[in-house]
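Topology and contacts: notes
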Amino acid sequence: VQLVESGGGLVQAGGSLRLSCAASGGTFNNYAMGWFRQAPGKEREFVAVISRSGRTTVYANSAKGRFTISRDNAKNTVYLQMNSLKPEDTAVYFCAADQDGLAQRIISEYDYWGQGIQVTVSS
């Protein structure tokens, strides 16, 4: 499975961005899809995950109320809508696929990863 993120960039604090992750090479709706991020000098951390069907979503506390994960299985794409962005959201964002299909936070459980995309929030 190949994953390609898009939609990152530079935004002012309080602004919004929508990240997309297009999947190819596999059966997209077999996978739970997650978003993770890694800030400079920090470990990669969980942001959000969505189940195969899209009925279940889980968010990190830092994302609750501001970020929304969604998926379009017809387009083989998962999205992360990010609103009310803060400078501390600055990071490289990665999408990942879990072939177990479980909506989980554990990085090591994910089987496929995108190359990441930069999101920078200026104050």
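Small disclaimer: the values here were computed from a predicted structure and weren't measured.

1. Quick word on the overall build of the protein chain
- Across its full length, the protein chain carries zero helices and eleven strands.
- Each helix and strand of the protein chain, placed in order from N terminus to C terminus, yields the pattern β-β-β-β-β-β-β-β-β-β-β.
- At 13 Å, the protein chain has a C-alpha radius of gyration in line with the 14 Å of a compact globule built from 123 residues.
- With respect to the principal axes defined by its C-alpha atoms, the protein chain has extents near 40 × 25 × 25 Å.
- Taking all 123 residues of the protein chain together, the buried fraction comes to 43%.
- Sequence separation of 24 or more characterises 58% of the internal contacts of the protein chain that already satisfy a separation of 6 or more.
- For the protein chain, the exposed surface amounts to about 6,000 Å²; the carbon and sulfur share of it is 45%.
- One finds the centroid of the 12 positive side-chain charges in the protein chain at a distance of 7 Å from the centroid of its 10 negative side-chain charges.

2. A short note on the state of the cysteines
- Inspection of every chain in the model, using the stated rule, returns one disulfide.
- Disulfide pairing is shown between C21 and C95; the S-S distance is 1.9 Å. As the torsion about the S-S bond is roughly 45 degrees, the C21-C95 disulfide counts as right-handed. Placement of C21 in strand β3 (residues 17-24) and of C95 in strand β9 (residues 91-98) is noted, with a sequence separation of 74 residues between them. For the pair C21 and C95, a shared accessibility class is recorded, and that class is buried.

3. Side note on the side chain of R66
- Looking at the secondary structure, you find R66 in the loop between β6 (57-59) and β7 (67-72).
- Non-local contacts of R66, meaning those with residues more than four positions away in its chain, are made with Q81, M82, N83, S84, L85, K86 and D89.

What counts as what
Residues numbered from 1 in each chain as written. Predicted model: local features only at pLDDT ≥ 70, side-chain atom pairs only at ≥ 80, totals over all residues. Heavy atoms only, no water. Helix = DSSP H or I, 4+ residues; strand = E, 2+ residues; numbered from the N terminus. Rg over C-alpha atoms; globule rule 2.2 N^0.38 Å. Buried < 20%, exposed > 50% of the residue type's maximum accessible area, 1.4 Å probe, protein only. Contact = heavy atoms within 4.5 Å. Areas by Shrake-Rupley, 256 points an atom, 1.4 Å probe, with all protein chains shown as cover. Lys, Arg positive; Asp, Glu negative; His and termini not counted. Charge placed at Lys NZ, Arg CZ, Asp CG, Glu CD. Disulfide = S-S within 2.5 Å.

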